[in-house]
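Breakdown of the fold
Residues per chain, in single letters:
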Amino acid sequence: MINKGIYPALLTPFKEDNSVDYDALSDLIEFNIAKGVSGFYVTGSTAEVFMLTSEERKNVMKTVYETVRGRCSLIAHVGCIGTDEAISYGKYAEKLGFDAISSVPPFYYNFPKSAIMEYYKDISSHVDLPMIVYNIPAFSGVSFTIEDIDLLLSDSRIIGVKNTANDYFIMEKMKRHNPDKIIFNGYDETYLAGLSMGADGAIGSTFNFMSEKFIRMKAYFEDGNIDAAKKEQNEANIIIEALCSVGVMQGEKAILRELGINVGKCRRPFMEISKEKERDFIDTVMRHL
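Read on for a plain summary of the structure. (Residues numbered from 1 in each chain as written. Predicted model: local features only at pLDDT ≥ 70, side-chain atom pairs only at ≥ 80, totals over all residues. Heavy atoms only, no water.)

Scanning the model with the defined rule gives 19 salt bridges in all. For Lys 4, the salt bridge identified is with Asp 200, shortest N-O distance 4.0 Å. One end of the pair, Lys 4, is in the segment before β1 (6-8); the other, Asp 200, is in the loop between α8 (191-196) and β8 (201-204), and 196 residues separate them in sequence. With relative accessibility at 46%, the residue Lys 4 sits in the partly exposed group. A salt bridge links Glu 278 to Arg 257, with the shortest nitrogen-to-oxygen separation between them at 3.4 Å. Taken together, the residues span a long stretch of sequence, with Glu 278 in helix α12 (residues 275-288) and Arg 257 in helix α11 (residues 248-258) at a distance of 21 residues. For Arg 257, a relative accessible area of 25% corresponds to the partly exposed category. (Salt bridge = Lys/Arg side-chain N within 4 Å of Asp/Glu carboxyl O. Helix = DSSP H or I, 4+ residues; strand = E, 2+ residues; numbered from the N terminus. Buried < 20%, exposed > 50% of the residue type's maximum accessible area, 1.4 Å probe, protein only.)

Right under this line is the structure:
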């Protein structure tokens, strides 16, 4: 079952030899379960998924499932350019016992919308798990219209959308046209805006180290305490602004290392943060956590 709440889009920890650090991944999961997250979004963009081998991708999914042991919801991102490969990851998630799968639209080749629609239908026809469409036009190059979204959500096997886009008019229509579907906000820096336009929860990268801010933000919003919710969003955005100055995932990993979870660094071609920038960046973030 997919709960409506806060889902960290899990980072992938790496050791000094650049191999996946599965022990650190378990530590990161426990760190966030203790904060009260609703679940995890696994092997997505934040996981550096397209720089993982197929074996690593499956082992990450397996480690997450075995660490969580049913304590919260799990969504496996299975997106690939090829349909058959996406189906294979979906079947693996189903075999493990994940609650849902998700996928970016197939990218790079500028597929027509008809092919993209068939991609989601094909995966849903072969994998017995509910699907969450991952709308991220800035990275995928695919822009869904509200008509596209309504058509996708008319399929009972597709239960919602992870909407990483800044068009909140379309988000409002997604929820208004499809009130029984789950709409996740994707941009952490505008979560409060997403809540005001009908988002049920959020899947976010920065939740890896500050999920509690977004859990509180959702609670304040639902209680009608908008000033307190706005304060949380403002503090989160100071941190996000600092992250953008050094590289979001590199910065997130630096903060987690500071907090005692050795997630290592990002794989190349991501660049490392210079020592001079890293200390100033960490000091800025720690003042607002």
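Don't stop here, the text continues.
Applying the stated rule across the entire model yields zero disulfides. Of all cysteine sulfurs, the one in Cys 244 lies closest to Cys 266, which takes part in no disulfide; the gap is 14 Å. By relative accessible area, which is 13% here, Cys 266 ends up buried. (Disulfide = S-S within 2.5 Å.)

What characterises a pair of aromatic rings is the spacing of the ring centres plus the angle enclosed by the ring planes. Overall, the coordinates contain nine aromatic pairs when judged by the stated rule. Pairing Tyr 41 with Tyr 134 gives two aromatic rings, centres 5.9 Å apart and planes at 85°, and the pair type is edge-to-face. Of this pair, Tyr 41 sits in strand β2 (residues 39-42) while Tyr 134 is found in strand β5 (residues 131-135), placing the two residues 93 residues apart along the sequence. With a relative accessible area of 1%, Tyr 41 lands in the buried category. Residue Tyr 134 is classed as buried on the basis of its relative accessible area, which comes to 4%. Aromatic side chains Tyr 109 and Phe 111 sit 5.8 Å apart centroid to centroid with 65° between the ring planes, which places their arrangement in the edge-to-face category. Here a set of aromatic residues connected by ring pairs shows up, and it is made of Tyr 108, Tyr 109 and Phe 111. Of note, Lys 58 hangs over the ring of Tyr 92, and the distance from its end group to the ring centre comes to 5.5 Å. The positively charged end of Lys 173 is found above the aromatic ring belonging to Phe 169, 4.2 Å away from the centroid. (Phe/Tyr/Trp six-rings, centres within 6.5 Å; stacked < 30°, edge-to-face > 60°. Lys NZ or Arg CZ within 6 Å of the ring centre and 35° of its normal.)

To continue, consider helix α10 (residues 226-246). The end-to-end C-alpha separation of α10 is 30 Å, in line with the 30 Å expected for 21 residues at 1.5 Å each. Taken together, the buried positions of α10 are Ala 228, Ala 229, Glu 232, Gln 233, Ala 236, Ile 239, Ile 240, Ala 242, Leu 243 and Val 246. For α10, the elements touching its buried residues are α8, α9 (207-222), α11 and α12. Residue Gly 247 follows α10 closely and has a positive phi angle near 110°. (Expected span 1.5 Å × (residues − 1). Contact = heavy atoms within 4.5 Å.)

In this section: the layout of surface pockets. Counted as a void, the largest pocket has a volume near 730 Å³. In terms of lining residues, the largest pocket is bounded by 33 residues, among which Ser 45, Thr 46, Tyr 134, Ile 136 and Phe 139 are the most central. Listed by contribution, the elements that provide at least two residues to the lining of the largest pocket are α5 (137-140), β8, α10 and α11. Residue composition of the lining of the largest pocket, by class: 19 nonpolar, nine polar and five charged. (1 Å grid on protein atoms, 1.4 Å probe; cavity = no way out; pocket = protein on both sides within 12 Å on 5 of 7 lines; lining within 4 Å. Points joined across faces, edges and corners; volume = space filled by probe spheres on them. Nonpolar A, V, L, I, M, F, W, Y, C, P; charged D, E, K, R; others polar.)

Note that Asn 135 resides in strand β5. Filtering out sequence-adjacent residues up to four positions away, Asn 135 remains in contact with Val 142, Phe 144, Val 161, Lys 162, Asn 163, Thr 164, Ala 165 and Met 174. At 2.8 Å, the side chain of Asn 135 and the side chain of Asn 163 are in polar contact. (Polar contact = N/O pair within 3.5 Å; in protein donor to acceptor, adjacent residues only side chain to side chain.)

Turning our attention to the packing of helix α1 (residues 22-33) against α9. With their axes 9 Å apart at the nearest point, α1 and α9 run at an angle of 5° to one another. In terms of axis orientation, α1 runs roughly parallel to α9. Here Leu 28, Phe 31 and Asn 32 of α1 lie close against α9, whose contacting residues are Phe 207, Asn 208, Phe 209 and Ser 211. Classifying every residue of the contact of α1 with α9 by side-chain character gives four nonpolar, three polar and no charged. (Axes fitted to C-alpha atoms, helices over the stretch in contact; angles between N-to-C directions. Parallel < 35°, antiparallel > 145°, perpendicular 65-115°, else oblique.)

As a further point, take the environment of Glu 172. Counting through the fold element by element, Glu 172 comes out in helix α7 (residues 168-177). Residue Glu 172 is classed as partly exposed on the basis of its relative accessible area, which comes to 23%. Each C-alpha atom, one on Glu 172 and one on Arg 267, is 37 Å from the other, the two residues being 95 residues apart in sequence.

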